Every structure is written in C-alpha cells, then in structure tokens.
Amino acid sequence: SITAHPADLVERTGGTVANHLARGDEAMFVSLTTGVVTHAFNVFPATGEDKLKDIDRVKEMKRQELSRACEVLGVESWKLLDFPENPMFFGFDEYATVIELIREFRPDVVLCPHPTEYGRHDHMDAGRFVVACVDYARADGFASPLAPHAVTDVFMFYYLDFRSDQLMGTPRHSPGVIVDITDVIKKKYEALNHFH
C-alpha cells in the first residue's frame with residue numbers, strides 16, 4: 001500500500017492488509033510524506049514566524065504513530081518518506097526511491113489513492129505518482145541496479161463523492177471490489193487510534 005500520508009495507510013487499507021497478513025501474505029506500507037502539513041492537527045501554533053520550529057519533533061511523532069499502528073496490524077515492512085507535501089512535488093529522486101522500493105519488494109498488488117479524489121490534492125497527486133512508478137518499475141530502461149518488476153494489479157480507493165465522479169467523467173458508480181474486514185475491524189480501529 002502506498003499513500004500520501006501515514007494515517008491513510010491504516011484508514012484506507014489497514015483492514016485489507018491485516019486480512020492478507022492473517023492468511024500468510026507479505027505486505028508493505030509506504031507513506032510518501034510525514035503528514036505534518038495535513039495530518040498534524042492543532043500541533044503547531046496558528047501564527048508566528050517560529051511556528052514551525054518544532055517540525056522535526058512532529059515528523060518524529062508521525063513516524064512513531066505509524067510504527068505503533070504497524071505493530072498492531074502486524075506490518076513489519078514499512079517506510080515513512082519525507083517527500084514535499086501540500087503541494088506535492090515529484091522529481092527524479094522521488095520516482096527513483098519508490099521505483100526501487102517496488103523493485104525490491106516485488107509486490108503482486110499495489111493499493112493507492114485514486115488520481116481523481118476531489119478535494120484532496122495530495123491524494124490525487126499520490127495516486128498519479130504511484131501509477132507512474134508502477135509503470136516505470138517494469139521498464140527495462142529505467143536506471144537501477146535492481147531487475148524490473150511488473151505489478152499484476154493496482155487497486156485504487158477514494159471517498160465516494162459526486163465531484164470525484166465528475167472528474168472521472170463517469171456516471172455515479174459503485175466500487176469494483178469490496179473487502180470484508182469484519183474479522184480484523186477491531187485491529188484496524190486500534191491501529192487508527194495511534195494517530196492524532
């Protein structure tokens with residue numbers, strides 16, 4: 001699972017990943033950012049030239065939150081990257097980082113945000129970026145010491161919203177896949193409770 005922010009990993013895919021881990025599959029969580037811009041609610045003072053003086057401490061706090069959530073879910077492989085957030089900018093180094101992670105972990109499936117999730121630009125940007133990284137990871141010509149890897153399936157998620165449907169240019173539709181997380185829902189809630 002690759003998302004924009006650490007809490008997204010658990011909120012959006014925690015139940016699905018916990019299901020897979022319970023049946024013996026491997027899984028990895030990757031957050032593209034620390035979430036300090038959009039997920040550190042009421043942590044920084046509202047005003048003042050030094051209001052971000054504690055940003056490194058808050059980034060560490062977000063890392064610890066993800067670490068504890070992963071422990072609850074049983075996710076042993078995870079990465080908290082520190083890419084630019086809100087707006088997100090992706091250059092060659094960011095692409096190379098995620099492509100290397102895909103080529104090293106060699107997943108059959110990647111879960112990511114949908115590129116048209118209206119009103120959440122970091123999620124849309126992350127979705128487009130992840131889809132591109134999946135494509136480049138299979139390309140022979142991409143400079144890397146690791147062998148190319150073709151991901152079999154990419155599943156995307158987003159909050160159902162009419163405006164998202166408008167961006168897609170499609171009539172209202174239902175999800176293509178629904179995952180029953182009844183057996184792990186308590187575990188997912190416990191993991192989510194580690195995020196502030």
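Draft legend 1. Spotlight on unusual backbone geometry. Omega for the peptide link from N86 to P87 comes to 5°, which places this bond in the cis form. A positive phi angle is found at N86, which is not glycine, with a value near 50°. Look at R106: it is not a glycine, yet its phi comes out positive at around 60°. Along the chain, R106 turns up in the loop between helix 3 (92-105) and strand 4 (109-113).

Draft legend 2. Representation of a nonpolar patch on the surface within the structure. On the surface, V109, F155, V177 and V179 cluster together to form a nonpolar patch covering roughly 310 Å² of accessible area. Position of V179 among the secondary structure elements: in the loop between helix 5 (162-168) and helix 6 (185-192).

Draft legend 3. Seen up close, helix 4 (residues 121-137). Compared with an ideal rise of 1.5 Å per residue, which puts 17 residues at 24 Å, helix 4 spans 24 Å between its outermost C-alpha atoms and is within 8% of the ideal. Taken together, the buried positions of helix 4 are D122, H123, M124, D125, A126, G127, F129, V130, A132, C133, V134 and A137.

Draft legend 4. Here's a closer look at the packing of aromatic side chains. Here the structure, examined in full by the defined rule, presents seven aromatic pairs. Ring plane angle 70° and centroid distance 6.5 Å describe the contact between F90 and Y95, whose orientation is recorded as edge-to-face. According to the relative accessible area criterion, F90 is partly exposed, its value standing at 22%. The exposure class of Y95 is partly exposed, given its relative accessible area of 22%. Each residue in the set F83, F90, Y95, F129 and Y136 is aromatic and connected to the rest through ring pairs, giving one cluster.

What counts, and where the lines are drawn
Residues numbered from 1 in each chain as written. Predicted model: local features only at pLDDT ≥ 70, side-chain atom pairs only at ≥ 80, totals over all residues. Heavy atoms only, no water. Helix = DSSP H or I, 4+ residues; strand = E, 2+ residues; numbered from the N terminus. Patch = residues over 30% accessible without salt bridge, like charges linked within 9 Å, V, L, I, M, F, W, Y side chains within 5 Å. Areas by Shrake-Rupley, 256 points an atom, 1.4 Å probe, with all protein chains shown as cover. Salt bridge = Lys/Arg side-chain N within 4 Å of Asp/Glu carboxyl O. Expected span 1.5 Å × (residues − 1). Buried < 20%, exposed > 50% of the residue type's maximum accessible area, 1.4 Å probe, protein only. Phe/Tyr/Trp six-rings, centres within 6.5 Å; stacked < 30°, edge-to-face > 60°.

Nothing here speaks to function; it is geometry throughout.
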